[in-house]
Amino acid sequence: MSTFRHLDPGARLVKGSPDQGDVYVVPQLTQISVGFMQDPSTFVANRMAPSVTVVQQSGKYLSYPRGYFFRDEMELRADGGESAGSGFAVDNTPQYYSDVWAWHTDIGPQVRANAKTVDIDRAATMLCTNKAMLRREKLWLARYFTTGVWTTQIAGLPSGGGGLAGTTLTWNDANALPIKQIKAAIRTQQGLTGYKPNKAVFSRDLWDLFCEHPNVINRINAGQTPGGPAEVTLNMVAAWLGLSEVMVVQAVETTSNEGQTDTMAFVGNAGQLLLAYVPPSPGLFIPSAMYCFDWVADGLVGAVGNTVSRWYNQDRKATRYEIEMATDMKVISADLGTMMYNFNAAAA
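No experiment lies behind these values; they were computed from the predicted model shown.

Chemist: Before we go on, may I ask you to explain the nonpolar core in this structure?
Modeler: Soluble globular proteins: nonpolar side chains tend toward being buried together. Ranked by size, the top nonpolar core spans 30 residues in total, and within it Trp140, Tyr144, Phe145, Trp150, Val201 and Met290 carry the most contacts. Among the secondary structure elements, those contributing two or more residues to this core are helix H2 (45-48), helix H5 (120-144), strand S7 (245-249), strand S10 (273-276), strand S11 (290-295) and strand S13 (318-331). Here this core gets five residues from one element, more than from any other, and that element is H5. In this structure Phe145 touches Trp140, Val201, Phe202, Ser203, Val249, Asn269, Gln272, Leu274 and Met339, once residues within four positions along its chain are discounted.

Chemist: Help me out: how do you make sense of the layout of surface pockets in this one?
Modeler: Rolled over the atoms, a probe sized like a water molecule indicates the empty space that remains. Reported here for the second largest pocket is a volume of approximately 710 Å³. Considering the residues around the second largest pocket, the lining is formed by 26 residues, among which Trp103, Leu127, Lys131, Leu134 and Thr254 are closest to the centre. Contributions of two or more residues to the lining of the second largest pocket are made by strand S4 (99-107), H5, strand S8 (252-254) and S13. A total of seven residues in the lining of the second largest pocket trace back to one element, the largest contributor, which is H5.

Chemist: Honestly, the confidence of the model for the protein chain in this entry has me stumped. Any pointers?
Modeler: When pLDDT drops low, the exact placement of atoms in the prediction is not to be read closely. Taken as a whole, the protein chain shows an average pLDDT of 82; of its residues, 79% reach a score of 70 or greater. Overall, residues 1-38 carries pLDDT values under 50, and its contacts beyond four positions in sequence, including any with other chains, amount to 79 contacts.

Chemist: Before we go on, may I ask you to explain the pairing of strand S5 (residues 152-155) in this structure?
Modeler: Every regular strand shows the same layout, with side chains that alternate between the two sheet faces. Of the two faces of S5, the one lined by Thr152 and Ile154 is fully buried and the one lined by Gln153 and Ala155 carries no buried residue. As defined by bridge partners, S5 adjoins strand S14 (residues 337-341) across four bridges and the pair is classed as parallel. Considered in S14, the bridge of Thr152 is made with Thr338.

Chemist: Is there a simple way to think about the pattern of salt bridges in this case?
Modeler: Side-chain pairs of opposite charge can arise whenever the charged atoms involved come near each other. Within this structure, the stated rule accounts for seven salt bridges. Put simply, Arg310 and Asp121 hold a salt bridge, and the shortest N to O gap is 2.2 Å. Residue Arg310 is located in strand S12 (residues 306-313), and its partner Asp121 is located in helix H5; the two are separated by 189 residues in the primary sequence. The exposure class assigned to Asp121 is buried, which follows from its relative accessible area of 1%. Here Arg136 makes a salt bridge to Asp294, at a shortest N to O gap of 3.0 Å. Of this pair, Arg136 sits in helix H5 while Asp294 sits in strand S11, and the two are 158 residues apart along the sequence.

Chemist: I keep staring at the sheet that holds S14 and nothing clicks. Help me out?
Modeler: What holds strands together in a sheet is hydrogen bonding between their backbones, with the strands either parallel or antiparallel. Pairing in this open sheet of five strands is mixed, and the strands run S5-S14-S10-S6-S7 from one edge to the other. On the outer flanks of this sheet lie S5 and S7, each paired with one strand and no other. Within this sheet the neighbouring strands show an average axis-to-axis angle of 15 degrees, counted without direction. Across five bridges, strand S6 (residues 199-203) lies against S7 in parallel orientation. Residue Ala200 lies in a different strand from S7, and its bridge partner there is Val246.

What counts, and where the lines are drawn
Residues numbered from 1 in each chain as written. Predicted model: local features only at pLDDT ≥ 70, side-chain atom pairs only at ≥ 80, totals over all residues. Heavy atoms only, no water. Core = buried A, V, L, I, M, F, W, Y, C linked by side-chain atoms within 4.5 Å. Buried < 20%, exposed > 50% of the residue type's maximum accessible area, 1.4 Å probe, protein only. Helix = DSSP H or I, 4+ residues; strand = E, 2+ residues; numbered from the N terminus. Contact = heavy atoms within 4.5 Å. 1 Å grid on protein atoms, 1.4 Å probe; cavity = no way out; pocket = protein on both sides within 12 Å on 5 of 7 lines; lining within 4 Å. Points joined across faces, edges and corners; volume = space filled by probe spheres on them. pLDDT = per-residue confidence, 0-100. Pairing = 2+ DSSP bridges. Salt bridge = Lys/Arg side-chain N within 4 Å of Asp/Glu carboxyl O. Axes fitted to C-alpha atoms, helices over the stretch in contact; angles between N-to-C directions.

Below, the structure is given as structure tokens:
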């Protein structure tokens, strides 16, 4: 959980009666912060990378090579004979380092005094939390939702460039078979690792192409009812593909500087689909494509390495609201992820 510290003697100098901060209830703002950090409708980072809470900023973790577990080496045992056997190894070289990210905003006593109908504490906390949400999402996208990371990469190609309908043909081509293509990628990863992907993340543009592709729409047209047009949903696609969850990258950021007219843009690369196996939660002997190592140094830091603090800054005569987040997003097994990219390429 996020933690909110209240030290604001300056606010009491502005008016005689207690301000909102003096009657602040910690659980309320804490719950708001956690709720925003886990907004399921827009952000994918916390739903794709299981959080491993660590009490040290850096450290090592053990990795067990899967070859030892998947190799069939049992043999018939002769009466009185010795059993077959082989070696066993543990890799203790992988390590993490949780970088610390932070941001703050200052609220002066004049703003507080004039904020008759605004909950300054809540507004500042929400602002800080949204900054952390966006940073965490962009860290996830830069680390995992790109090429050159996963063992299996599948490029979308036009028909004239070698694209095949069942595996690699771009989805701008009406002859492509998107569902068959994704299932083929799922089987390829399963054959490589023994684990099927259980989650998928689409870029927003590729999800739109997928939903409007004629060979996807044809799959549901038979179930269409009067007044109820054929509609492709995330849950429907998850069921088709045998996945536990399908997500779409939809986060938006402001790209203009403060003081300029706001310009907005979606974050994340276009034309991509990531398939990955990630467990519901981390644990011993549990494989995963990715883990997020969140540094929780003490009880004042939230479960994903974030904390919101507040204190009075005498030099500025203002109350400072600050959020801090310590995390390291690690690829645990590159074999447990599959990147399909360039599937938004123009048809031949």
